[in-house]
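Structure at a glance
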Amino acid sequence: MDHSHHIHLLATGGTIAGKGKAGKTSGYEAGSLPPDSLLETLPPLPSSIHLTVEQICSIDSNEVDDQLWLTLVRRINELSQTDIDGFVITHGTDTMDETAYFLNLTVKTEKPVILTGAMRPSTAASADGPLNLYQAIHLADKPEASGKGVLVCFCDSIYSGRDVQKINTYKTDAFNEQDLSCLGYMRDEECYFMNESLAIHTTASCFDVSRLDRLPRVDILFFYAGAPADALDYHASKAQGLVIAGTGSGNYSPEWKNKISELAARRIPVVRASRIGHGIVSRDIHFEGSENCFPAYTLPPQKARILLSLALTVTDSYEEMEKLFRTY
Ligand code: SIN
């Protein structure tokens, strides 16, 4: 009888599959190597792990869009009904936090789903991809990783898909969870969990994208000193919802506040997030002049965008949308 655990690798590209000049960490092409080449650089896996591999796409993660997200979620939901025990997704680091959060809200499985990648291409001196991938495969095989939502395994640390964010442009220790640090550590093949995310995820999530062929468009507007308010009109004419990357605790000028209030008549929800990337944006009557405007709480703009887009698939009530921002 076969007692091995079946781990399935879904490869999407990124720097982990990047190739460039020998030794160099910059000037490379992301997503140019097939997953089998990456696996050749790993230490041998134990016979208890049976690894299968599927190339979903081979792209720089700046090309990721809602179509890829819908493909990934459908594939994982379908394969989670089989004998597969855990999933690893190789992904570019630039939008890994977004994909991790989207999947955290939409996959319907308790089985481990682990994203990983690399900051250095496979051809760099001290490439970080092999250890990240090796540890991600081992993490996907651990019972402790079940039921914790979608996770990111990177540079010896484990992060929740809810809170992970990229915080460095080039160093190998490129992620954190704002002030929360991480969920735990990896040392070689072992995982050491210390924390858990309290936000609702995966099997308990109310979001079902199985019948969607696209996600509602939500745009992000970055506020800065002197930012013209007519940018809001433009984006409101294209999108079903807006997220503001405001200053400080989700702030902007009186002109922007007035413009946001005008959008209430057009039924456009506007979420106040912050361009700071740390801390919380909570209710503030000084900036919320109309019912269509509410805070992102602990989500950064790029994740508030995802939640607002999914929220638009289940409700048109601003009150309900804000409740989702408090629980997801
Ligand atoms: C990408 O996000 O695909 C390129 C950058 C990276 O993976 O670090």
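All of the points below concern the structure found in this document.

Cut-offs and rules
The written sequence of each chain sets the order in which its residues are numbered from 1. This being a predicted model, a pLDDT of at least 70 is required before a residue's local features are given, and a value of 80 or more before pairs of side-chain atoms are given or counted; all residues contribute to the totals for chains, interfaces and linings. Computation of side-chain values: all heavy atoms of the structure, hydrogens and water removed. Only DSSP runs of H or I covering at least 4 residues are called helices, and only runs of E covering at least 2 are called strands; the numbering of each starts at the N terminus. The contact definition used throughout considers only heavy atoms, calling two residues in contact when any of these lie within 4.5 Å. The protein chains shown are the only cover counted for residues, whose accessible areas, like all others here, come from Shrake-Rupley with a 1.4 Å probe. Charge assignment: positive for Lys and Arg, negative for Asp and Glu; neither His nor the chain ends contribute. Charge positions come from single atoms, namely NZ of Lys, CZ of Arg, CG of Asp or CD of Glu. A pair is scored as a salt bridge if a Lys or Arg side-chain nitrogen falls within 4 Å of a carboxyl oxygen belonging to Asp or Glu. Buried, partly exposed and exposed residues are distinguished by accessible area as a fraction of the type maximum, computed with a 1.4 Å probe on protein chains only: under 20%, between the cut-offs, and over 50%, respectively. Each patch groups residues whose relative accessible area exceeds 30% and which form no salt bridge, using 9 Å between like charges and 5 Å between nonpolar side chains of Val, Leu, Ile, Met, Phe, Trp and Tyr. A pair of strands counts as paired when DSSP detects no fewer than two bridges linking them. Only the stretch in contact is used when a helix axis is fitted, and all axes are lines through C-alpha atoms; the angle between N-to-C directions ranges over 0 to 180 degrees. Consider each residue's heavy atoms; a residue with any of them within 4 Å of a molecule or strand counts as near. Whenever two N or O atoms come within 3.5 Å, that pair is a polar contact, provided that in protein one can donate a hydrogen and the other can accept it, and provided that, for residues adjacent in sequence, both atoms are side-chain atoms. Polarity classes work like this: nonpolar for Ala, Val, Leu, Ile, Met, Phe, Trp, Tyr, Cys and Pro, charged for Asp, Glu, Lys and Arg, and polar for all others, with Gly in that last group.

A word on the overall build of the protein
- A count of helical and extended segments in the protein gives eight helices and 14 strands.
- Across its three principal directions, the C-alpha atoms of the protein cover 65 × 45 × 35 Å.
- Looking at the protein alone, contacts between residues at least 24 apart form 70% of all its contacts between residues at least 6 apart.
- Here the protein has roughly 14,200 Å² of accessible surface; of this, 50% comes from carbon and sulfur atoms.
- Charge centroids of the protein, computed over 29 positive and 42 negative side chains, lie 5 Å from each other.

Here's the deal with the pattern of salt bridges
- Per the counting criterion, the structure on display carries 13 salt bridges.
- A salt bridge links Glu-78 to Arg-75; the nearest nitrogen and oxygen atoms lie 3.2 Å apart. Here Glu-78 pairs with Arg-75, and both are found in helix 2 (residues 66-79), just three residues apart, close to one helical turn.
- Relative accessible area serves as the criterion here: at 23%, Arg-75 is assigned to the partly exposed category.
- Arg-283 is the salt-bridge partner of Glu-322, the closest N and O atoms lying 2.6 Å from each other. Here Arg-283 lies in the loop between strand 13 (270-274) and strand 14 (293-295) and Glu-322 lies in helix 8 (residues 318-327), a separation of 39 residues in the sequence.
- Assessed through its relative accessible area of 43%, Arg-283 is described here as partly exposed.
- Shared partners join several salt bridges into a network, and the residues in it are Asp-233, Lys-259, Glu-262 and Arg-266.

Topic: a nonpolar patch on the surface
- A grouping of Tyr-185, Tyr-192 and Met-194 is seen on the molecular surface, where their side chains present a nonpolar patch of about 330 Å² in accessible area.
- Within the secondary structure layout, Tyr-192 lies in strand 10 (residues 190-193).
- By relative accessible area, Tyr-192 is classed as partly exposed at 44%.

Focus on the sheet that holds strand 5 (residues 151-154)
- Taken in spatial order, the eight strands make up an open sheet running 2-1-3-4-5-6-9-10, and their pairing is mixed. At either end of the open sheet lies a strand with only one pairing partner, and these are strand 2 (49-59) and strand 10. Direction aside, the axes of adjacent strands within the sheet are offset by 25° on average.
- Looking at chain direction, strand 6 (residues 157-160) and strand 9 (residues 184-187) are connected through two bridges and run antiparallel. From the neighbouring strand, Ile-158 faces strand 9, where its bridge partner is Gly-184.
- Sheet strands in contact with helix 2 are strand 1 (5-13), strand 2, strand 3 (86-90) and strand 4 (113-116), and its direction is about 160° off that of strand 2.

Things to note about the pairing of strand 9
- What you see with strand 9 is a clean split: Gly-184 and Met-186 sit on the buried side and Tyr-185 and Arg-187 on the side with no burial.
- Note that strand 9 and strand 10 share four bridges and pair antiparallel. Paired with Tyr-185 across the two strands is Tyr-192, which belongs to strand 10.
- Hairpin remark: strand 9 followed by strand 10, antiparallel, with two residues in the connecting loop; positive phi at Asp-188, about 50°.

Here's the deal with the site of the ligand
- Taken together, Gly-14, Thr-15, Asp-60, Ser-61, Gly-92, Thr-93, Asp-94 and Ala-118 form the complete shell of residues around the ligand.
- A distance of 3.0 Å separates an oxygen atom of the ligand from a polar backbone atom of Asp-94.
- At 3.3 Å, a backbone N or O of Ala-118 approaches an oxygen atom of the ligand.
- Its free accessible area being 250 Å², the ligand has 95% of it covered by the protein chains.
- Split into classes, the residues belonging to the shell around the ligand amount to one nonpolar, five polar and two charged.

Considering the side chain of Ser-309
- Turning to its location among the elements, Ser-309 is positioned in helix 7 (residues 301-311).
- Using a relative accessible area of 3% as the deciding quantity, one classes Ser-309 as buried.
- Sequence-distant contacts of Ser-309, defined by excluding residues within four places in its chain, comprise Leu-215, Pro-216 and Val-218.

Comments concerning the side chain of Thr-99
- Along the chain, Thr-99 turns up in helix 3 (residues 96-106).
- You can call Thr-99 buried: its relative accessible area is 0%.
- Reaching out from Thr-99, the side chain makes a polar contact with the side chain of His-91 at a distance of 2.8 Å.
- In contact with Thr-99, other than residues within four places in its own chain, are Val-64, Trp-69, Leu-72, His-91 and Leu-115.

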